[in-house]
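# Architecture at a glance
In case you want the letters, here they are:
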Amino acid sequence: MTQTIITVKDLCKNYGAFQAVKSISFEVKKGEIFGLLGPNGAGKSTTLEIIETLREKTSGQVMVDGIDLDKDPAAIKKIIGVQLQSAGFYPGLNLIELINLFAGLYNRKVDPIELLNKVNLADKAKSKSKELSGGQKQRFSIATTLINQPRIIFLDEPTTGLDPQARRNLWELIREIRNAGATVIITTHYMDEAEQLCDRIAIMDEGRIIKMDSPDKMIDDLVATGFERPKQVKAANLEDVFIHLTGKEIREE
Ligand code: ADP
Ligand code: MG
């Protein structure tokens, strides 16, 4: 039996008269990678930030690992990891110093090198965060979410703007985090990424969840309606060409 780790029921969020989230309900299972997809403005970040206790909801219920958001948001905060925007890091500190700073904030003891090893950045330990590439910054920012050994990790568009190798690199890291026992909730605008990475996805549009299922089932459902791609697809695409020419998945950045 798969356990439920997050339950969202009839969640609504209004910004003034504007309804950004219109009574959505969904469950996230323990140990899955759950994707929240949808066009810009659909309400994905609002939904995540409510669950992360960073934003007030208008109405509805949220339970995270048995904890009621209305009763004990502080307890929820302790068991989740939220990816911070790398822009927020002190640019003058090196990675070890930053990890120690965060560990202090979380009141946790961590071995910075061991943590950097996990995200393949040990050789950058003495570099400042401003000296990292886009992909390295994202990996470092994911490392900081792991400091408090969270049961659930929230990643809001972690691969936006990354090159194809750096994206694949991050997919590998996200899989490793899940395989180590965490539950992952991710938003992305890359459908290939959602298809590769997510066990289940919810598609949001204008504040509502319009479909929720495994990527495979969603594709089968569409095909069953008689849908066909307008043009015969070749055995490879331009992204395959790019990866083939510039290096394999785990190329060092
Ligand atoms: P997504 O992450 O799916 O792109 P958001 O949750 O960021 O969507 O935003 C959903 C809608 O709510 C958008 O129309 C956005 O403009 C609006 N919105 C988000 N935050 C605020 C805010 N603090 N005040 C007013 N409107 C907001
Ligand atoms: Mg967003």
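So, how was this worked out
- Residues numbered from 1 in each chain as written.
- Chains lettered and ligands numbered in written order.
- Predicted model: local features only at pLDDT ≥ 70, side-chain atom pairs only at ≥ 80, totals over all residues.
- Heavy atoms only, no water.
- Helix = DSSP H or I, 4+ residues; strand = E, 2+ residues; numbered from the N terminus.
- Buried < 20%, exposed > 50% of the residue type's maximum accessible area, 1.4 Å probe, protein only.
- Contact = heavy atoms within 4.5 Å.
- Areas by Shrake-Rupley, 256 points an atom, 1.4 Å probe, with all protein chains shown as cover.
- Lys, Arg positive; Asp, Glu negative; His and termini not counted.
- Charge placed at Lys NZ, Arg CZ, Asp CG, Glu CD.
- Salt bridge = Lys/Arg side-chain N within 4 Å of Asp/Glu carboxyl O.
- Axes fitted to C-alpha atoms, helices over the stretch in contact; angles between N-to-C directions.
- Parallel < 35°, antiparallel > 145°, perpendicular 65-115°, else oblique.
- Left-handed = near helix turned anticlockwise from the far one by under 90°.
- Nonpolar A, V, L, I, M, F, W, Y, C, P; charged D, E, K, R; others polar.
- Patch = residues over 30% accessible without salt bridge, like charges linked within 9 Å, V, L, I, M, F, W, Y side chains within 5 Å.
- 1 Å grid on protein atoms, 1.4 Å probe; cavity = no way out; pocket = protein on both sides within 12 Å on 5 of 7 lines; lining within 4 Å.
- Points joined across faces, edges and corners; volume = space filled by probe spheres on them.
- Near = heavy atom within 4 Å.
- Polar contact = N/O pair within 3.5 Å; in protein donor to acceptor, adjacent residues only side chain to side chain.

Helix and strand counts for the protein chain stand at 9 helices and 10 strands. C-alpha extents for the protein chain along the principal axes are approximately 55 × 55 × 40 Å. Among the 253 residues that make up the protein chain, the fraction classed as buried is 43%. Considering only intrachain contacts with a sequence separation of at least 6, the fraction spanning at least 24 residues in the protein chain is 66%. Summed over its atoms, the accessible surface of the protein chain is roughly 13,600 Å², and 51% of this surface lies on carbon and sulfur atoms. In the protein chain, which carries 34 positive and 36 negative side-chain charges, the distance between the mean positions of the two groups comes to 3 Å.

This part takes up the pattern of salt bridges. When the charged atoms of two side chains with opposite charge come close together, those side chains can pair. Across all of its chains, the model carries 16 salt bridges by this definition. Of the charged contacts, one joins Lys71 and Asp68 as a salt bridge, the two residues approaching to 3.8 Å between their closest N and O atoms. Exposure remark for Lys71: the relative accessible area of 70% places this residue in the exposed category. Among the ionic contacts, a cluster of salt bridges with common partners joins Arg167, Arg168, Asp192, Glu193 and Glu239.

Attention now moves to the environment of Leu36. Inspection of the secondary structure assignment puts Leu36 in strand β3 (residues 33–37). Separated by 167 residues in sequence, Leu36 and Ile203 place their C-alpha atoms 6.1 Å apart. Contact partners of Leu36, with chain neighbours within four places excluded, come to Lys44, Thr47, Leu48, Ile186, Thr187, Thr188, Ala202 and Met204.

Before going further, it helps to examine the packing of helix α5 (residues 134–145) against helix α6 (residues 164–179). Look at α5 against α6: their axes get within 10 Å of each other, and the N-to-C directions meet at 15°. Here α5 lies roughly parallel to α6, going by the angle between them. By crossing handedness, the relation of α5 to α6 is classed as right-handed. In this structure, α5 contributes Gly135, Gln138, Arg139 and Ile142 to the contact, and α6 contributes Ala166, Asn169, Leu170, Leu173 and Ile177. Here the residues of the contact of α5 with α6 sort into 5 nonpolar, 3 polar and 1 charged.

Quick look at a nonpolar patch on the surface now. Residues Tyr90, Leu101 and Leu105 make up a contiguous nonpolar surface patch of roughly 340 Å² in combined accessible area. By secondary structure assignment, the location of Tyr90 is in the loop between β6 (80–82) and α3 (95–106).

Counted as a void, the largest pocket has a volume near 560 Å³. Forming the boundary of the largest pocket are 17 residues, of which Met191, Asp192, Glu195, Ile219 and Arg229 lie nearest the centre. Listed by contribution, the elements that provide at least two residues to the lining of the largest pocket are α7 (191–197), β9 (200–205) and α8 (215–224). Here the lining of the largest pocket takes 5 residues from α8, the largest share from any one element. Grouping the amino acids of the lining of the largest pocket by side-chain chemistry returns 11 nonpolar, 2 polar and 4 charged. Reported here for the second largest pocket is a volume of approximately 420 Å³. If you trace the second largest pocket, you find 18 residues lining it, with Leu115, Lys118, Leu146, Ile147 and Gln149 closest to the centre. Residue composition of the lining of the second largest pocket, by class: 10 nonpolar, 2 polar and 6 charged.

What follows is about the site of ligand 1. If you check the shell around ligand 1, you find Tyr15, Phe18, Ala20, Pro39, Asn40, Gly41, Ala42, Gly43, Lys44, Ser45, Thr46 and Arg55 and nothing else. One nitrogen or oxygen atom from the side chain of Ser45 is found 2.9 Å from an oxygen atom belonging to ligand 1. Between ligand 1 and Thr46 there is a distance of 2.5 Å, counted from an oxygen atom to a side-chain nitrogen or oxygen. Protein chains shield 61% of the accessible area of ligand 1, which is 560 Å² for the free molecule. It is helix α1 (residues 44–51) that provides the largest number of residues to the shell around ligand 1, a total of 3 residues. Residue composition of the shell around ligand 1, by class: 5 nonpolar, 5 polar and 2 charged.

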